[in-house]
Amino acid sequence: MHKLPYLPAGREIFYVDIDHDFMQLAFNVARKGSLDTLHPTGAVLVKDGVPIGAGANGSSFHTRLGCVRKLLRVPTGKFYSLCSGCSPKNHAEQKAIKDALKRKKDPKGADLYLWGHWWCCQSCWQAMIDAGIRDVYLPKGAWDKFAKGRIETPLKGF
């Protein structure tokens, strides 16, 4: 098991088969809705066995102007404020919560299925905790699929 860059005390990430129905739904959300062509990510909130919200990562900022963090080789999960496109408001987890609320669905007690990444950043964890999200699920082998060989090498000082 690989050490996660961030995991709040008392929380855990769970893993399901890639062909799990809700993981497949998260995959389709990423495939159809992500604006990030390098790392498409999709999240689905599920409560009582029913999807209540979905979101895909990205914004048009990267398409138009590129990514300052990638240019500077900032490590994953660090200094989101350097790039408007990397803002946590553009992360799939936070968009899924926003979508559920927009649909007048209470996310408290829901589970989040995330396809396209191997961990959740501190901002997203905080948003999920604040919203009352119960558990977070990633596909089995997420690190090998989404991180291995793509971990950024940080510049000195980061």
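The structure this text deals with has already been given above.
Keep in mind that this is a model prediction, so the values were computed, not measured.

Cut-off values and rules
Residue positions are given per chain, counted from 1 along the sequence in the order it is written. Confidence filtering applies because this is a predicted model: local features only for residues at pLDDT of at least 70, side-chain atom pairs given and counted only at 80 or more, and all residues used for totals across whole chains, interfaces and linings. Excluded from the side-chain calculations are hydrogens and water; all other atoms, namely the structure's heavy atoms, are used. In this description a helix means any DSSP run of H or I spanning at least four residues, a strand means any run of E spanning at least two, and both kinds are numbered starting from the N terminus. Under the scheme applied here, a residue whose accessible area is under 20% of the maximum for its type counts as buried, over 50% as exposed, and between as partly exposed, the area being computed with a 1.4 Å probe on protein chains only. Contacts between residues were defined by any pair of non-hydrogen atoms, one from each residue, lying within 4.5 Å. Reported accessibility uses the Shrake-Rupley method at a 1.4 Å probe radius. Residues are deemed covered only where the shown protein chains occlude them. Neither His nor the chain ends contribute to the count of charged residues, in which Lys and Arg are positive and Asp and Glu negative. To locate a charge, take NZ of a lysine, CZ of an arginine, CG of an aspartate or CD of a glutamate. Cavity means a closed set of points on a 1 Å grid over the protein atoms alone, one where a 1.4 Å probe fits but cannot get out, pocket means an open set with protein on both sides within 12 Å along at least 5 of 7 lines, and lining means a residue has an atom within 4 Å of a point. Grid points are joined across faces, edges and corners, and a volume is the space filled by probe spheres set on the points. To count toward a patch, a residue needs a relative accessible area above 30% and no salt bridge. Like charges then connect within 9 Å, nonpolar side chains (Val, Leu, Ile, Met, Phe, Trp, Tyr) within 5 Å. When a carboxyl oxygen of Asp or Glu lies within 4 Å of a side-chain nitrogen of Lys or Arg, that pair is called a salt bridge. Working definition: a ring pair exists when centres of Phe, Tyr or Trp rings (six-membered ring for Trp) sit within 6.5 Å. Plane angles under 30 degrees give stacked, over 60 give edge-to-face, the rest tilted. Regarding the arc, it is the one traced by the directions from the helix axis to the C-beta atoms.

(A) Structural view of the overall build of the chain. Scanning the chain for helices and strands turns up 6 helices and 5 strands. Along the chain, from the amino end to the carboxyl end, the secondary structure elements read β-α-β-β-α-α-α-β-α-β-α. For the chain, the C-alpha atoms occupy an extent of roughly 45 × 35 × 30 Å along the three principal directions. Taking all 158 residues of the chain together, 44% fall into the buried category. Counting contacts in the chain only where the partners sit at least 6 residues apart, residues at least 24 apart contribute 68% of the total. Here the chain displays about 8,900 Å² of accessible surface, and carbon together with sulfur accounts for 54% of that area. In the chain, the 24 positive side-chain charges and the 14 negative ones have mean positions that sit 9 Å from each other.

(B) Fine view of the layout of surface pockets. Size it by volume and the largest pocket reaches roughly 640 Å³. Lining the largest pocket are 35 residues; nearest its centre among them are D36, H39, N57, R69 and K70. Broken down by secondary-structure element, the contributors of at least two residues to the lining of the largest pocket are α2 (60-65), α3 (68-71) and α4 (92-102).

(C) View of a nonpolar patch on the surface. Judged by side-chain polarity, V68, L71, L72, F79 and L82 come together as a nonpolar surface patch covering roughly 430 Å² of accessible area. Of note, F79 is situated in the loop between α3 and α4. Owing to a relative accessible area of 40%, F79 belongs among the partly exposed residues under this scheme.

(D) Representation of the side chain of Q94 within the structure. Looking at the secondary structure, you find Q94 in helix α4. When sequence neighbours within four positions are dropped, the list of residues in contact with Q94 reads P88, K89, S123, C124 and A127.

(E) Structural context of the packing of aromatic side chains. Here the structure, examined in full by the defined rule, presents 7 aromatic pairs. For the pair Y113 and Y137, a centre-to-centre distance of 4.8 Å together with 10° between the ring planes defines the contact as stacked. Here Y113 is found in strand β4 (residues 111-115), whereas its partner Y137 is found in strand β5 (residues 136-139), with 24 residues between them in sequence. Grouping residues by exposure puts Y113 and Y137 together as buried. Three or more aromatic residues joined by ring pairs make a cluster, and in this case those are F14, F22, Y113 and Y137.

(F) Just the environment of V29, in detail. Residue placement: V29 occurs in helix α1 (residues 21-33). Using a relative accessible area of 18% as the deciding quantity, one classes V29 as buried. Taking C-alpha positions, V29 is 7.0 Å from A43, a pair spaced 14 residues apart along the chain.

(G) Seen up close, helix α5 (residues 122-131). Within the span of α5, buried status applies to C124, W125, M128 and A131. The arc enclosing the buried residues of α5, seen along the axis, measures out at 130°, which places them on a common side. Those residues of α5 that are exposed and angled more than 90 degrees off the buried face are Q122 and D130. Note on α5: the residue one or two positions beyond its end, G132, has a positive phi of about 85°.

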